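Take a look at the letters that make up each chain.
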Amino acid sequence: MKLPPLASLRCFVVASKSENFSAAADSLCVTPSAVSHQIKMLEKMLQRPLFVRVQHRMELRPRAGSMPRSWRRYFSIWPM
């Protein structure tokens with residue numbers, strides 16, 4: 001399996017913390033659309049949805065919830 005782009009993983013980690021693509025975009029200094037595109041790319045590569053929309057926020061799907069914990073340590077050198 002091909003490794004996902006680091007930008008997609010970083011967007012996923014930040015979005016999973018904030019549960020909001022706009023807040024994640026602000027943290028990463030990109031547009032909400034850019035975060036959405038990165039998440040869609042990651043979902044396509046993993047062949048599964050990672051978030052579900054609940055009212056005005058995004059919640060991680062149960063199987064996606066374990067991924068940020070394992071990936072966060074790789075991004076600890078970057079402020080998010």
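One can find the structure itself at the top, above this paragraph.
From a predicted model like this one, the values you see are computed outputs, not experimental measurements.

Side chains that carry opposite charge are capable of pairing whenever their charged atoms lie near each other. A complete count under the given rule lists two salt bridges for this structure. Close ionic contact of arginine 57 with glutamate 19 constitutes a salt bridge, the shortest N to O distance being 3.5 Å. Taken as a pair, arginine 57 in strand 2 (residues 57–60) and glutamate 19 in the loop between helix 1 (6–18) and helix 2 (21–28) lie far apart in primary sequence, 38 residues in all. Arginine 57 sits in the partly exposed class, given a relative accessible area of 33%. You can call glutamate 19 partly exposed: its relative accessible area is 32%. A network of salt bridges, in which partner residues are shared, links Glu19, Arg57 and Glu59.

General note: in soluble globular proteins, nonpolar side chains tend to be found buried as a group. Formed by 16 residues in total, the largest nonpolar core has its most connected members in Phe12, Phe21, Val35, Ile39, Leu42, Leu50 and Phe51. When residues of this core are traced back to their parent elements, those giving at least two are helix 1, helix 2 and helix 3 (32–46). Take this core: its biggest share by element is five residues, from helix 1.

The pairing of strand 1 (residues 51–54) with strand 2 spans four bridges and is classified as antiparallel. Note on strand 2: the bridge partner recorded for arginine 53 is methionine 58. Where strand 1 hands over to strand 2, the hairpin turn is made up of two residues, of which glutamine 55 adopts a positive phi near 50°.

A separate point is the packing of aromatic side chains. Summed over the entire model, instances satisfying the criterion amount to two aromatic pairs. Taking 5.4 Å as the distance between ring centres and 90° as the angle between the ring planes, the aromatic pair formed by phenylalanine 21 and phenylalanine 51 counts as edge-to-face. In this pair, phenylalanine 21 is assigned in helix 2 and phenylalanine 51 in strand 1, connecting sequence segments 30 residues apart. This pair shows no difference in class: phenylalanine 21 is buried, exactly as phenylalanine 51 is. In this structure an aromatic cluster arises from ring pairing among Phe12, Phe21 and Phe51.

Rules behind the numbers
Think of each chain on its own: its residues are numbered from 1, step by step along the sequence as written. Reporting in this predicted model follows two pLDDT cut-offs: at least 70 for local features of residues, and 80 or more for side-chain atom pairs to be given and counted; totals over whole chains, interfaces and linings ignore these cut-offs and use all residues. Side-chain measures were taken over the full set of non-hydrogen atoms in the model, leaving aside hydrogen atoms and water. Every case where a carboxyl oxygen of Asp or Glu lies within 4 Å of a side-chain nitrogen of Lys or Arg is listed as a salt bridge. The helix and strand labels rest on DSSP assignments: H or I over at least four residues marks a helix, E over at least two residues marks a strand, and numbering proceeds from the N terminus. For every residue, the accessible area obtained with a 1.4 Å probe (protein chains only) is divided by the maximum for its type, and the residue is called buried under 20%, exposed over 50%, and partly exposed between those limits. Buried Ala, Val, Leu, Ile, Met, Phe, Trp, Tyr and Cys residues that are joined via side-chain atoms within 4.5 Å together make up what is termed a nonpolar core. By definition, two strands form a pair when at least two bridges between them are found by DSSP. The criterion for an aromatic pair is that two Phe, Tyr or Trp rings (for Trp, the six-membered ring) have centres within 6.5 Å, with stacked assigned to planes under 30 degrees apart, edge-to-face to planes over 60 apart and tilted to the rest.

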